[in-house]
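Observations on the three-dimensional arrangement
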Amino acid sequence: MGSLSSSVMSGAEKAIEWFGGLNLFIGRIFRESFRGPLEFTEILKQVFEIGWRSAPLITLSGLAVGAVLSMHSRSTLERFGAESMIPTALAFALVKETGPLVTGLLVSGRVGAGIGAELGGMRVTEQIDALESLAVNSMKYLVVTRVAVCVICMPLLTVLMNFAGIFGGFFAETTVSGMSFNFYFRTAFSGLAFSDYIPPTLKTMVFGFLIGATSSYLGYNASGGAEGVGRASTQSVVLSSIFLILCNVILVKIIFLIYPETGS
Amino acid sequence: MSAAIQLDKVSKSFGQKKVLQDVSLSIEKGKAYALLGRSGTGKSVTLKLICGLIKVDSGAVNVDGKDITKLESGELSETRKHMGFLFQSAALFDSISVGENVAFPLRRHTKKTDAEVRDQAGKILERVGLGKEYDSMPADLSGGMRKRAGLARALAMEPAILLIDEPSAGLDPITAQEIDQLLIDIKTKQQTTLVVVTHNIPSAKRIADRLAVLHDGRLLAEGTAEELEQSEHEMVRTFMTSQQGG
């Protein structure tokens, strides 16, 4: 019993220490963000790595998610003779929740693991020390750039996911019912208001920050050789996904408070 | 002659492990200083402390008269522009070519054109015998070649202080001697202060004006090679003589 309570205490201490470290790290990210110079070349490189290279995964996943949502919507709505509502239901489901959340989880898998492994590898092979020894602020050069690009790219990738999803839904629906392209898209977008589209898309900037900051923290502080790099990479995916899902609950509530009509 | 580097009662621990305890040493400008000792005695940590990559627990590290333990990050960066660091693992940036590794500090800290940077980086690579490897990726080089590329990067900004961790580790004897000669040339022609961590006693004797032996985190002995060979500490004498032919 005694050893159980002491191991619980030790686990709690480690968790508090870890979160304290993460908070200090986030504080440093904000401080370094406002210090010159702007690492423009590195930002462009990361836009390509994080944003552009994620586009095929997001597009394909969007098409598949849209098709599946469309099939599910049809099986439910046709019981009530409301097949014409399929595009609207699909657009609402995708734009308001499924698109942002699935994009966040996919990016945390691809980009979070990548950042965790890349920075972890640089840490254990002394490349981060080498940067510092060459009078380069490694925090600004490696971390701030990646976090900033995650924040910038997440809404763009979410828009891509939403459109791919709606197209995927159209392909699935037109195959079954022969619904026309014009009718499908007119119906899909007719019910969507500004408050349905913009806040859920912009909330993904917070997802991007969580993915970038968590995976950078784990990679930047990795230790223990190849095993440590693997651990940083895996934990980056697991923790940024958990943070993202939990944070989503709070963000959805905030959106409902600011735009009450979106909850009705 | 004034001291380029001065450590004053420096202590450093990692967790429960005391790596350095009250280590004081002074390195003159334009001289070469070799840090010797068994593995895990804090030699590489000492180099990182001098560069400010690790913070001391107590004591002061003066580089060109400035206590770097008290510098703001901007001031520390300015100080580092006058230092070069060759890491034990070379620590080349593996996402860019060997030439771009050498060009990296030149691109960031000078206003040279792209052509000038490439030209200078190429010349430095030639100096370490890697003139044809500008476009090679670090992963395609042997361990010894990576080490030389790391040295080329450390030399790129013509630093006043050069910190070198195991310059001859993993090199064949001929290349190791060439690197030693290169370091001696840098010291004599550019008046660069060298701090070399090595296990290779003949190499240390060739390069260094003074040597120090670290043992269990303490400075056991310090002096010229001849003085250390006559040291009162048996461990120092054994260390200095056991690798005479190495």
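Since the model is a prediction, treat every value here as computed from it, not as a measurement.

This brings us to the overall build of chain B. The helix and strand tally for chain B stands at nine helices and 10 strands. The C-alpha atoms of chain B give a radius of gyration of 18 Å, which matches the 18 Å a tight globule of 246 residues would have. Structurally, chain B occupies a C-alpha span of about 55 × 45 × 35 Å along its principal axes. Out of the 246 residues belonging to chain B, those deemed buried represent 44%. Taking as baseline every contact in chain B between residues at least 6 positions apart, the subset at least 24 positions apart corresponds to 64%.

Okay, the overall build of chain A next. Of regular secondary structure, chain A possesses 10 helices and zero strands. For chain A, the N- to C-terminal ordering of α and β elements is α-α-α-α-α-α-α-α-α-α. Considering only contacts within chain A whose residues lie at least 6 apart along the sequence, 87% involve residues at least 24 apart.

The pairing of strand 9 (residues 210-215) of chain B with strand 10 (residues 218-223) of chain B spans five bridges and is classified as antiparallel. Its bridge partner being in strand 10 of chain B, His215(B) is matched across the sheet by Arg218(B).

Bringing the pairing of strand 9 of chain B into the picture now. Residue and element names in this part refer to chain B. In terms of strand pairing, strand 3 (residues 32-37) meets strand 9 through five bridges, oriented parallel. Across the sheet, alanine 34 pairs through a bridge with leucine 211, a residue of strand 9. Adjacent in sequence and paired antiparallel, strand 9 and strand 10 are bridged by two residues, among which aspartate 216 carries a positive phi angle near 50°.

On to the interface of chain B and chain A. Accessible area lost upon the coming together of the parts serves often as the stated size of an interface. At the junction of the two partners, chain B supplies 16 residues and chain A supplies 11 residues. Counting only elements with at least two residues in the side of chain B that touches chain A, the list comes to helix 2 (73-80), strand 6 (83-86) and helix 3 (98-109) of chain B. Sort the elements by how many residues they give to the side of chain B that touches chain A and helix 3 of chain B lands first, with four residues. When grouped by side-chain class, the residues that make up the side of chain B that touches chain A number nine nonpolar, four polar and three charged.

Residue and element names in this part refer to chain A. Where helix 6 (residues 138-177) meets helix 9 (residues 204-220), the closest approach of the two axes is 7 Å, and the angle between their N-to-C directions is 145°. As for how helix 6 packs across helix 9, the hand of that crossing is right-handed. Facing helix 6, whose interface residues are Val143, Arg146, Val147, Cys150, Val151, Cys153, Met154, Pro155 and Thr158, helix 9 presents Thr204, Met205, Phe207, Gly208, Phe209, Ile211, Gly212, Ala213, Ser216 and Tyr220. Residue composition of the contact of helix 6 with helix 9, by class: 13 nonpolar, five polar and one charged.

Residue and element names in this part refer to chain B. Taken together, the four strands give an open sheet; going across it, the order is 2-1-4-5, and neighbouring strands pair in antiparallel fashion. Every interior strand has two partners, whereas the edge strands, strand 2 (17-28) and strand 5 (66-67), have only one. Bridging between strand 4 (residues 58-63) and strand 5 involves two bridges; their strand directions are antiparallel. Bridge pairing in strand 5 places valine 63 opposite lysine 66.

Let us now look at helix 9 of chain A. With 17 residues, helix 9 of chain A ought to run about 24 Å at 1.5 Å a step, and its terminal C-alpha atoms sit 23 Å apart, in line with that. Buried residues dominate helix 9 of chain A, accounting for 14 of its 17 residues.

Before going further, it helps to examine the confidence of the model for chain B. Looking at chain B, pLDDT values average 91 and 98% of them are 70 or higher. For this predicted complex, the interface score ipTM comes out at 0.91, alongside a pTM of 0.89.

Before going further, it helps to spend a moment on unusual backbone geometry. Keep in mind that most residues, glycine aside, have a negative phi and that most peptide bonds are trans. Residue and element names in this part refer to chain B. Located in the positive-phi region is glutamate 166, a residue other than glycine, with phi close to 55°. Residue placement: glutamate 166 occurs in the loop between strand 7 (161-165) and helix 6 (173-190). Of the residues examined, glutamate 166 has 21 C-beta atoms within 10 Å and is grouped as buried. At glutamine 191, a position not held by glycine, the phi torsion is positive, near 55°. Tracing the sequence through the fold places glutamine 191 in the loop between helix 6 and strand 8 (193-197). The exposure class assigned to glutamine 191 is exposed, which follows from the 12 C-beta atoms found within 10 Å.

The next subject is the sheet that holds strand 8 of chain B. All names here are of chain B. Reading across the sheet, the six strands line up as 6-7-8-3-9-10 and stay open at both edges, with mixed pairing between neighbours. Strands with a single pairing partner mark the edges of an open sheet, and in this sheet they are strand 6 and strand 10. Neighbouring strand axes in the sheet, compared pairwise and without regard to direction, differ in orientation by 15° on average.

A separate point is the nonpolar core. Ranked by internal contacts, the top residues of the largest apolar core, which has 136 residues, are Ala34(B), Ile50(B), Ala152(B), Leu163(B), Leu194(B), Val195(B) and Val196(B). Tallying contributions element by element places helix 4 (residues 86-124) of chain A first for this core, with 17 residues. Beyond its immediate sequence surroundings of up to four residues, Leu163(B) is in contact with Leu47(B), Ile50(B), Cys51(B), Met83(B), Gly84(B), Phe85(B) and Val195(B).

Another aspect to go through is the environment of Tyr217(A). Residues and elements named next belong to chain A. Position of tyrosine 217 among the secondary structure elements: in helix 9. Considering only alpha carbons, one finds tyrosine 217 and phenylalanine 34, 183 residues apart in sequence, at a separation of 19 Å. Those residues within four positions of tyrosine 217 in sequence are excluded, and the remaining contacts are Leu22 and Phe25.

Below, the discussion takes up helix 4 of chain A. Residues and elements named next belong to chain A. Roughly 55° is the biggest bend found in helix 4, and it falls at leucine 94. The buried fraction of helix 4 amounts to 31 of the 39 residues, a majority that puts the element mostly inside the structure. Phi turns positive, to about 65°, at glutamate 126, one or two residues after helix 4.

All right, on to the packing of helix 3 of chain B against helix 5 (residues 143-155) of chain B then. All names here are of chain B. Where helix 3 meets helix 5, the closest approach of the two axes is 7 Å, and the angle between their N-to-C directions is 25°. Taken together, the axes of helix 3 and helix 5 are roughly parallel relative to one another. As helix 3 runs across helix 5, the sense of the crossing is right-handed. The residues of helix 5 that touch helix 3, namely those facing Val98, Asn101, Val102 and Phe104, are Ala149, Ala152 and Arg153. For the contact of helix 3 with helix 5, the class distribution of residues is five nonpolar, one polar and one charged.

This part covers the environment of Thr193(B). Residue and element names in this part refer to chain B. Here threonine 193 is to be found in strand 8. As a C-alpha pair, threonine 193 and leucine 163 span 30 residues in sequence and 8.4 Å in three-dimensional space. Aside from chain neighbours lying at most four places away, what touches threonine 193 is Ala4, Ile5, Ile27, Lys29, Gly30, Lys31, Ala160 and Ile161.

Cut-offs and rules
- As a convention, each chain's residues are numbered from 1 in the sequence order in which they are written.
- A letter from A marks each chain and a number from 1 marks each ligand, given out in the order of writing.
- Residues qualify for local features only when their pLDDT is at least 70, as the model is predicted, and side-chain atom pairs are given and counted only at 80 or more; totals for whole chains, interfaces and linings, by contrast, use all residues.
- Secondary structure is summarised from DSSP: a helix means a run of H or I of at least four residues, a strand means a run of E of at least two, and numbering begins at the N terminus for each.
- Atoms counted for the radius of gyration: C-alpha only. Globule rule: 2.2 Å times the number of residues to the power 0.38.
- Counting other C-beta atoms within 10 Å of a residue's C-beta gives its exposure: the residue is buried at 20 or more, exposed at 12 or fewer, and partly exposed in between, where C-beta atoms are placed from the backbone.
- C-beta atoms are first placed from the backbone for all residues, and any pair lying within 7 Å is then listed as a contact.
- Strands are labelled as partners when DSSP assigns at least two bridges between them.
- The nonpolar class holds Ala, Val, Leu, Ile, Met, Phe, Trp, Tyr, Cys and Pro. Asp, Glu, Lys and Arg form the charged class, and all remaining residues, Gly among them, are polar.
- The convention used is that axes are lines fitted to C-alpha atoms, helices contributing only their stretch in contact, and that angles between N-to-C directions extend from 0 to 180 degrees.
- Handedness of a crossing is defined here by the sense of rotation of the near helix relative to the far one, left-handed for an anticlockwise turn of less than a right angle and right-handed for a clockwise turn.
- The span you would expect from a helix comes to 1.5 Å times its residue count less one.
- Every residue gets a pLDDT, meaning the predictor's confidence in that residue, from 0 to 100.
- In these notes, a nonpolar core means any group of buried Ala, Val, Leu, Ile, Met, Phe, Trp, Tyr and Cys residues linked to one another through C-beta atoms within 7 Å.
- Two axes are fitted around each residue, one to the seven residues ending there and one to the seven starting there, and the angle between them is reported as the bend at that residue.
- Throughout this description, any angle smaller than 35 degrees is read as roughly parallel, any larger than 145 degrees as roughly antiparallel, any in the 65 to 115 degree range as roughly perpendicular, and the remainder as oblique.

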